[in-house]
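Working through the structure, step by step
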Amino acid sequence: KQEVTQIPAALSVPEGENLVLNCSFTDSAIYNLQWFRQDPGKGLTSLLLIQSSQREQTSGRLNASLDKSSGRSTLYIAASQPGDSATYLCAVETSGSRLTFGEGTQLTVNP
Amino acid sequence: DTAVSQTPKYLVTQMGNDKSIKCEQNLGHDTMYWYKQDSKKFLKIMFSYNNKELIINETVPNRFSPKSPDKAHLNLHINSLELGDSAVYFCASSPSGGATYEQYFGPGTRLTVT
């Protein structure tokens, strides 16, 4: 059974700092890994999707890496801004389009 | 706007009642999903439909019954609601099952059972 763990559970940083969020999964037989952002009381917004054959994806200040063999992914946020404050969720897709989510990292960027 | 939409946004009801949550996507996607986010914010898949056919049915009480009248809609009907059903329910869609495509989520329906 696939299990996804995110560390840390919460993170508070000053504005402008670069930061890394971590995600690990127990079964390396994944199709892809997706990072989402969830704002309080809102739905999920997809940030980046990394195929199992890829090592990283970039979008603006975000860079996500994937090491499938070790079961790890990181989300790197450069030059953090208060607007980046949200919960970041990692999810892996296994057979049958099944997404398994981590519990998320709650990020607070202080002005 | 192209999106995944859900109604209602909030639903407060008493134990034992039957309720439905509706989901519609106008993205032209073939696959739709229902997820439950519990009080600890943990998201877990419940059901998935591809072209109106059920492809994922996790260990969910049979009081929960998804219905897909067409591939743009996936409704969730819940019978005999219990306190433990209180959660936020998210609908999602993707172009197809498989590795290539992102899943797009609706805004969620917060269900409170009293």
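Only a predicted model underlies this, so the values are computations on that prediction, with no experimental measurement involved.

With respect to the confidence of the model for chain B
Model confidence for chain B is summarised by a mean pLDDT of 89, while 95% of its residues fall at 70 or above. Within chain B, the lowest mean pLDDT, 80, falls on strand 6 (residues 53–57) of chain B, and the highest, 97, falls on strand 3 (residues 19–25) of chain B.

Focus: the state of the cysteines
For the structure on display, the rule yields 2 disulfides over all chains. Bridging cysteine 23 of chain A to cysteine 90 of chain A, the disulfide has an S-S length of 1.9 Å. The disulfide joining cysteine 23 of chain A to cysteine 90 of chain A has a torsion of about -55 degrees about its S-S bond and is therefore left-handed. With cysteine 23 of chain A in strand 3 (residues 19–25) and cysteine 90 of chain A in strand 9 (residues 86–94), the pair connects residues that are 67 residues apart, well separated along the chain. Judged on exposure class, the residue cysteine 23 of chain A and its partner cysteine 90 of chain A are both buried. With a sulfur-sulfur separation of 1.8 Å, cysteine 23 of chain B is cross-linked through a disulfide to cysteine 91 of chain B. Every disulfide takes its handedness from the sign of the S-S torsion; for cysteine 23 of chain B and cysteine 91 of chain B that torsion is -75 degrees, giving left-handed. Here cysteine 23 of chain B is found in strand 3, whereas its partner cysteine 91 of chain B is found in strand 9 (residues 87–94), with 68 residues between them in sequence. Here cysteine 23 of chain B and cysteine 91 of chain B have matching classes, each one buried.

A look at the packing of aromatic side chains
All names here are of chain B. For the structure shown, the criterion picks out 8 aromatic pairs over all chains. With a centroid separation of 6.3 Å and an interplanar angle of 35 degrees, the aromatic rings of phenylalanine 64 and tyrosine 89 are classed as tilted. With phenylalanine 64 in strand 7 (residues 64–70) and tyrosine 89 in strand 9, the pair connects residues that are 25 residues apart, well separated along the chain. Residue phenylalanine 64 is classed as buried on the basis of its relative accessible area, which comes to 6%. You can call tyrosine 89 buried: its relative accessible area is 0%. When the ring of phenylalanine 90 is compared with that of phenylalanine 105, the centres are 6.5 Å apart and the planes differ by 70 degrees; the resulting orientation is edge-to-face.

Reading the values: the criteria
- Position labels on residues start from 1 in each chain and follow its written sequence.
- Key to labels: chains lettered from A, ligands numbered from 1, both in the order written.
- This being a predicted model, a pLDDT of at least 70 is required before a residue's local features are given, and a value of 80 or more before pairs of side-chain atoms are given or counted; all residues contribute to the totals for chains, interfaces and linings.
- Hydrogen atoms and water are omitted, and side-chain values are computed over all heavy atoms in the structure.
- For every residue, the predictor assigns a confidence score, pLDDT, that lies between 0 and 100.
- Numbering of helices and strands runs from the N terminus; a helix is a DSSP stretch of H or I covering at least four residues, while a strand is a stretch of E covering at least two.
- Put simply, a disulfide is two cysteine sulfurs that come within 2.5 Å.
- Partly exposed residues are those whose accessible area sits between 20% and 50% of the maximum for their type, while under 20% is buried and over 50% is exposed, using a 1.4 Å probe and protein chains only.
- Aromatic rings from Phe, Tyr and Trp, taking only the six-membered ring of Trp, are treated as a pair when their centres fall within 6.5 Å; an angle between ring planes under 30 degrees marks them as stacked, one over 60 as edge-to-face, and anything in between as tilted.

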